[in-house]
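Commentary on secondary and tertiary structure
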Amino acid sequence: MSKRKHRRRRAAQAHRHLLYQASVQSPESDIEFFDRVYRDHRGRRPRALREDFCGTALLSREWVTSGKRRTALAIDLDERTLEWGRRHNLGTASMAKRVRLVQADVREVRRPRVDLVCAMNFSFCVLKQRPELLAYFEAVHAGLRDDGMLVLELYGGTEAIVPIEEQRHVDDFVYIWEQESFDPITHETRCHIHFEFEDGSRLDRAFTYDWRLWTIPELRDVLTEVGFADVEVYWEQVDDDGDGTGEYQRTESEENQEGWLVYVVALR
Ligand SMILES: C[S@@+](CC[C@H](N)C(=O)[O-])C[C@H]1O[C@@H](n2cnc3c(N)ncnc32)[C@H](O)[C@@H]1O
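These numbers come from a predicted model, not from an experiment.

Right, let's get into the state of the cysteines. Throughout the structure, instances matching the rule amount to zero disulfides. The structure places no disulfide on cysteine 118, whose sulfur is separated from the nearest cysteine sulfur, that of cysteine 54, by 9.5 Å. What makes cysteine 118 buried here is its relative accessible area of 0%. Between cysteine 125, a cysteine without a disulfide, and cysteine 191, which holds the nearest cysteine sulfur, the sulfur-to-sulfur distance is 9.6 Å.

Below, the structure written as structure tokens:
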């Protein structure tokens, strides 16, 4: 077989959702964080999760696996992605019963009310205009139980607003994050995820994002405006090399970094 044919095959065999799940998502640590913060504030374990912008609903699967009485409502606009998740992540009958997949715009869903809503991996940044973000947060506020909580994940920092390409080795492939552009007037940014394999073949632009990079104070203002009682920021801690440790601490003020990750927690 020629080298060229072999190259085509390796990238062609890989599935972009599997690669994404392995390189981007870490549902166990998200759930650990949700449990800790929810217990700190509410003194109990949350049971009903709503995963907005759920994609393949991997987090919802881990959620129901983490507690017998836990349920998840997983919402995404894209039927094909939901179908992939249904087949690959929610294969068993009991899993399918406890995770309800809903094809909808997250701004349209207000029932059933849940303990916890999450929007991970910056997905809410697809809502670029303030009225759109406000409509989303209003829907979340209405869809939360009285002691409910919303968790948003956001990134930023001095290197978040420049064209850049970062690589990370994961299993037997390389995950590549490309920031193609950033507009300082609108804060719109266009980013891509590429995957590269040991045989040199690539899956270029496996995912493309067209976002507005919201700032923490903007989120805080809109969340407060729709009625959330308090908004907290949990900052990812870094080691001596400046790499994220996966540990998050509540903070009121920070020095800027090249890159940072936060959970913004809004308490109903
Ligand atoms: C970055 S992926 C998020 C995947 C996963 N939640 C994660 O944490 O990695 C964004 C998803 O949001 C969905 N999406 C975009 N706009 C939406 C909307 N208004 N309502 C519901 N889903 C939406 C897309 O179909 C896509 O699957």
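Time to look at the side chain of glutamine 257. Checked against the element boundaries, glutamine 257 lands in the loop between strand S11 (244–251) and strand S12 (260–267). Here tryptophan 235 takes part through its side chain, which lies 3.0 Å from a polar atom of the side chain of glutamine 257. Separated by 3.1 Å, the side chain of glutamine 257 and the backbone oxygen of glycine 259 make a polar contact. Among all residues touching glutamine 257, those that are not within four sequence positions of it are Gly157, Thr158, Trp235 and Val238.

Tracing the sequence through the fold places cysteine 191 in strand S8 (residues 188–197). Since its relative accessible area comes to 0%, cysteine 191 is described here as buried. When the C-alpha positions of cysteine 191 and glutamate 178 are compared, they lie 5.5 Å apart, and in sequence the two are 13 residues distant. With residues near it in sequence (within four places) discarded, cysteine 191 still touches Tyr155, Trp177, Glu178, Gln179, Glu180, Phe207, Thr208 and Tyr209.

Now for helix H4 (residues 58–65). Burial of H4 is extensive: six of the eight residues sit out of reach of the surface. Within H4 the residues assigned to the buried category are Leu58, Leu59, Ser60, Glu62, Trp63 and Val64.

What follows is about the site of the ligand. Taken together, 16 residues form the shell around the ligand, and within it Tyr20, Phe53, Asp76, Val106 and Asn121 come nearest. Residue aspartate 76 places a side-chain N or O atom 2.6 Å away from an oxygen atom belonging to the ligand. If the ligand stood free it would expose 600 Å²; the protein chains cover 85% of that surface. For the ligand, the cavity whose grid points lie within 2 Å of the majority of its atoms is the second largest pocket. For the shell around the ligand, the residue count by class is nine nonpolar, three polar and four charged.

On to a negative patch on the surface, then. Together, Asp239, Asp240, Asp241 and Asp243 give the surface a local cluster of negative charge. Looking at where aspartate 240 falls in the secondary structure, it is placed in the loop between strand S10 (230–238) and S11.

As assigned here, the protein chain comprises domain 1 (19–158 + 213–267) and domain 2 (162–211). Spacing between the C-alpha centres of domain 1 and domain 2 amounts to 22 Å. Contacts between the two partners involve 15 residues from domain 1 and, on the opposite side, 21 residues from domain 2. Summed over both partners, the interface of domain 1 with domain 2 comes to about 1300 Å²; 67% of that surface belongs to carbon and sulfur atoms. Counting the surface domain 1 buries against domain 2, the share from its top three residues, Leu19, Lys128 and Leu213, is 39%. Taken together, the links from domain 1 to domain 2 amount to two salt bridges. Aspartate 210 is paired through a salt bridge with lysine 128; the nearest N and O atoms lie 3.2 Å apart. Run the count over domain 1 and domain 2 and you get four residue pairs in polar contact (both at pLDDT 80 or more).

Reading guide: rules and limits
Residues numbered from 1 in each chain as written. Predicted model: local features only at pLDDT ≥ 70, side-chain atom pairs only at ≥ 80, totals over all residues. Heavy atoms only, no water. Disulfide = S-S within 2.5 Å. Buried < 20%, exposed > 50% of the residue type's maximum accessible area, 1.4 Å probe, protein only. Helix = DSSP H or I, 4+ residues; strand = E, 2+ residues; numbered from the N terminus. Polar contact = N/O pair within 3.5 Å; in protein donor to acceptor, adjacent residues only side chain to side chain. Contact = heavy atoms within 4.5 Å. Near = heavy atom within 4 Å. Areas by Shrake-Rupley, 256 points an atom, 1.4 Å probe, with all protein chains shown as cover. 1 Å grid on protein atoms, 1.4 Å probe; cavity = no way out; pocket = protein on both sides within 12 Å on 5 of 7 lines; lining within 4 Å. Sits in = over half its atoms within 2 Å of the grid points. Nonpolar A, V, L, I, M, F, W, Y, C, P; charged D, E, K, R; others polar. Patch = residues over 30% accessible without salt bridge, like charges linked within 9 Å, V, L, I, M, F, W, Y side chains within 5 Å. Salt bridge = Lys/Arg side-chain N within 4 Å of Asp/Glu carboxyl O. Lys, Arg positive; Asp, Glu negative; His and termini not counted. Charge placed at Lys NZ, Arg CZ, Asp CG, Glu CD. Domains from an automatic or database assignment. Buried area = accessible area lost by both parts, 1.4 Å probe.

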